[in-house]
There are 2 protein chains.
Amino acid sequence: MSDTVKYLLDESRIPKTWYNIAADLPEPPVPPLHPGTGQPIGPDDLAPLFPMALIGQEVSAEREIEIPEPVREIYRQWRPAPLYRARRLEKALDTPAKIYYKYEGVSPTGSHKPNTAVPQAFFNAEEGTKRITTETGAGQWGSSLAYAAQIFGIEVDVYMVKISFQQNPYRRSLMQTYGARCVASPSEETNSGRAILAEHPDSPGSLGIAISEAVEMAAGRDDTKYSLGSVLNHVLLHQTIIGQEAMEQMDMAGDDPDIVIGCAGGGSNFAGLAFPYVGRNIREGKKVRIIAVEPASCPTLTRGKFTYDFGDTANLTPLVKMHTLGSSFVPSPIHAGGLRYHGMSPLVSHLLDLGLIEARSQDQIECFEAGVQFARSEGIVPAPESTHAIRAAIDEALECKKNGESKTILFNLSGHGYFDMQAYTDYFDGKLSDEAYDEDALARSLAAVPEVAAE
Amino acid sequence: MSDTVKYLLDESRIPKTWYNIAADLPEPPVPPLHPGTGQPIGPDDLAPLFPMALIGQEVSAEREIEIPEPVREIYRQWRPAPLYRARRLEKALDTPAKIYYKYEGVSPTGSHKPNTAVPQAFFNAEEGTKRITTETGAGQWGSSLAYAAQIFGIEVDVYMVKISFQQNPYRRSLMQTYGARCVASPSEETNSGRAILAEHPDSPGSLGIAISEAVEMAAGRDDTKYSLGSVLNHVLLHQTIIGQEAMEQMDMAGDDPDIVIGCAGGGSNFAGLAFPYVGRNIREGKKVRIIAVEPASCPTLTRGKFTYDFGDTANLTPLVKMHTLGSSFVPSPIHAGGLRYHGMSPLVSHLLDLGLIEARSQDQIECFEAGVQFARSEGIVPAPESTHAIRAAIDEALECKKNGESKTILFNLSGHGYFDMQAYTDYFDGKLSDEAYDEDALARSLAAVPEVAAE
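Counting of residues starts from 1 at the beginning of each chain's written sequence and follows it residue by residue. Working convention: letters from A go to chains and numbers from 1 go to ligands, in the order in which they are written. For a predicted model such as this one, the threshold for reporting local features is a pLDDT of at least 70, and the threshold for listing and counting side-chain atom pairs is 80 or more; totals across whole chains, interfaces and linings nevertheless cover every residue. Each side-chain value is worked out from all heavy atoms of the structure, with water and hydrogens disregarded.

Enquirer: Give me the overall build of chain A: which residues, what numbers.
Expert: Secondary structure elements are defined from DSSP: runs of H or I of at least 4 residues count as helices, runs of E of at least 2 residues count as strands, and each element is numbered from the N terminus. Looking only at helices and strands, chain A has 19 helices and 15 strands in total. We take the radius of gyration over the C-alpha atoms and set the globule estimate at 2.2 Å times the residue count to the 0.38 power. In summary, chain A has a C-alpha radius of gyration of 20 Å against a globular reference of 23 Å for 455 residues, a match within 12%. Dimensions of chain A, computed from C-alpha atoms along their principal axes, come out at roughly 60 × 50 × 45 Å. In chain A, which comprises 455 residues, the proportion classed as buried is 65%. Between two residues, a contact is recorded if the distance between any of their heavy atoms is within 4.5 Å. Put simply, of all contacts in chain A between residues at least 6 apart along the chain, 77% involve residues at least 24 apart. To measure how exposed things are, a 1.4 Å probe is used in the Shrake-Rupley method; for residues, cover is taken only from the protein chains shown. For chain A, the exposed area adds up to about 15,000 Å²; of that, 48% sits on carbon and sulfur atoms. Residues scored as charged are limited to Lys and Arg (positive) and Asp and Glu (negative), so that His and the chain ends carry no count. The atom standing in for a charge is NZ when the residue is Lys, CZ when it is Arg, CG when it is Asp and CD when it is Glu. Considering chain A, the positive charge centre built from 40 side chains and the negative charge centre built from 60 side chains are found 5 Å apart. In this scheme, a residue with accessible area under 20% of its type's maximum is buried, one over 50% is exposed, and one in between is partly exposed, where area comes from a 1.4 Å probe on protein chains only.

Listed below in structure tokens is the structure:
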């Protein structure tokens, strides 16, 4: 067998529907709550922020939701995404395991994010939205929304976590190239931002703060909506094209995974690959192991509380039940690997709570080691986020080597690292460490999570 | 017709041979000369630097040279490369012209360079080479050779133009990720480097200087060879897979170019797309226009002398007859668009001299404008080098709009710009200018071109 083993699908095999795992859950997740009333929110609560079509997707229980043809047309620019057998990595590890990866780095912005940015921009355009606000950490989401929105002639204002804004001028330029406006958060543009700056003028910012600013700006203007790059049900729904394509490609390979792995920050790329497999586990009684991998410095699933919490720092969003480190949690600035959100997709949290998926956390240096090993065998430099999944895949493959087992491992290579070479530079310069987070700060942010009666 | 129009070839259509235009030239180019004797060089002169297989390709007159199967196997990782119809760009320009682009940015390092890095590493490995030295400007070539050499377990030492080394830490990290050693040139490691530093301690470096260092290191060691990313015949030969695939994809489109455009620094990506079309012009009497586009700040083809000159600054290489600005020419450091070499592929120069191709130069700001317009319509941020080709393609399309003509334009999108966002950052920050070069410096470097009797 050659060392270059790839499985390509014809364009006609781009999925025609998104897969909605809500239809297959043994019990539904609890609904988001209005923080003022403690009652489940309704479409009217979300209407200032999202177009009706996305609100409908957020609450739907239909198993398949049709992908509009104009969205599939744009997907065709880079999809179907390739799936590779990592033969060179297997040989380098000298493992009997078979390792496959779905490579989402082929999109125009280099990651899985356009899979949802494009439909979100489309549905907004259909309903007459003129401007969309959003937050972004290292810039991958902001660039993807900027790319998608310019296709439909919609303006984009991106609130970018300040420390990333300063460390990552190239992502800013990328957003500018696509025509978006990029603001360092916390900023003076919103009440939320001004409140943070008053208390912590040197705040490095966080996704939670940036969400507050973006939400506040959208809620205040009729022609402006808000867009989120992860966490919400409709975002994870859009990402399921990843797993649907992968299932067909694994069929082409004549193989089927024993283990499916994805890195998890807000949960969307993990869900994209994994949810079709979780759904199949549920419906067909299969026992594929599904592993979400997060950074040790932002250990939402492994050390967070599973409870109702705000999605943002200024507490402007509804309360959602998810694993949370507390909405004021700010990961260490030296953490280079992305996946920095204090919360998690409520659906992913629900699956963990039901025992349908596993979670593990990884120290960042071992992740970069895995990333470099992957680059040196497979030729693609992975996004720092994706190195968490690679680390787990390599560890499972080494476990197979120890036990002499030939398991099939499939992971999501959610993006390439070409925009994030600063992180690799710091890694090679020895500037990274595994200092995770301040235990007292974590205790404080967890203590601040609201007590909600209606659970 | 949809706006997403792409033409994909099956893997089996990766060419099985490289196309050697030497077989179709109406008159052969003159041979390189040994600077000491003034006589044509022979294989023994090149043997300290290159493996015999590549020397053979350098001088061959065979029309088709077989691509070894192990090389095709690695090509399969990303080839065949897609060809797109730029419908959105056409609409944005409101032009009747049809614009197509061959997208080479799909390779692991984001440009066309691995097309030659891989065979060069392969042929070196076959002949027992342990280490390869090379030069690189902004880092695209160095990363590509690093990527290719690690597949075969060969060490790589890259001499990187100093100003690029300082401005482009991410390319350094990329090379390090692939396991290569990267040195800022001029360096203290070689006589050539030390000589430059003695005279110009603050030299920003140039490709010519970096070539001198890399050549000197290779010539001095038996287990070490040298590799060049452009200019030489065998390098251009390898790149012809681009044009061969494109011809088949244009057939799929039911179209045929009236104009073929590529940016030109050393000539390899231009030749890759254009040479199959030039060859077809010659053999079949067709009149497809072939346009090489270079930066106004390094105007080799449009303002250089067509004469014998050294390929490097320390005058260690043979003399080759090419368009040259003089081997001591150093483009302005503020030039952000790549394509900075003082010389040109002798084959490309020969074709210009024979009137078989055209050449034009472009100011950099208009190139970045074209790049941004391309990104905003087609979604891909082009490499600064490629923006020269885009500028010319847009100009030809606007010419068609004026004349009401529906010409078919094909250009090479030689790479993406995701590693070169500093250039876009500087463009948006207004730091770029069209200050081309010092006229006196150009006059001096041209005056220093050796007088060679045997022309």
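Enquirer: Give a detailed account of the environment of asparagine 281 of chain B, specifying residues and quantitative values.
Expert: Mapped onto the elements of the fold, asparagine 281 of chain B is located in helix H13 (residues 268-284). Residues asparagine 281 of chain B and methionine 252 of chain B lie 29 residues apart in sequence; the distance between their C-alpha atoms is 20 Å.

Enquirer: Explain the environment of serine 144 of chain A to me, and be specific about the residues and the numbers.
Expert: Residue and element names in this part refer to chain A. By the element assignment, serine 144 lies in helix H6 (residues 140-151). Accessibility expressed as a relative area gives 0% for serine 144, which makes it buried. Between the alpha carbons of serine 144 and glycine 110 there is a distance of 8.7 Å; along the sequence they are 34 residues apart. Every residue in contact with serine 144, bar those within four places of it in the chain, is listed here: Thr109, Ser111, Lys113, Pro114 and Ala117.

Enquirer: Before we move on, could you go through the nonpolar core and cite the residues and values that matter?
Expert: We call a set of buried Ala, Val, Leu, Ile, Met, Phe, Trp, Tyr and Cys residues a nonpolar core when their side-chain atoms join them within 4.5 Å. Judged by nonpolar contacts, the single largest core of 145 residues is most densely connected at Ile261 and Phe411 of chain A together with Ile261 and Phe411 of chain B. Leu273, Ala274, Ala292 and Leu352 of chain B belong to the second largest nonpolar core, which has 32 residues in total.

Enquirer: Explain the packing of aromatic side chains to me, and be specific about the residues and the numbers.
Expert: All names here are of chain A. Put simply, two rings from Phe, Tyr or Trp (the six-membered ring, in Trp's case) pair if the centres are within 6.5 Å, and we call them stacked under 30 degrees between planes, edge-to-face over 60, tilted for the rest. This structure, assessed with the given rule, holds 33 aromatic pairs over all chains. Measuring from ring centre to ring centre gives 5.6 Å for phenylalanine 368 and tyrosine 427, while their planes differ by 20°; the resulting arrangement is stacked. Taken together, the positions of phenylalanine 368 in helix H16 (residues 364-378) and tyrosine 427 in helix H18 (residues 421-428) put the pair 59 residues apart, joining distant regions of the chain. Phenylalanine 368 sits in the buried class, given a relative accessible area of 1%. Cluster of aromatic residues (ring-pair linked, three or more members): Trp18, Phe122, Phe123 and Phe152. Taking the ring centre of phenylalanine 306 as reference, the NZ or CZ of lysine 321 above it sits at 4.6 Å. By definition here, charges over rings are those cases where NZ of Lys or CZ of Arg is within 6 Å of the ring centre and within 35 degrees of the ring normal.

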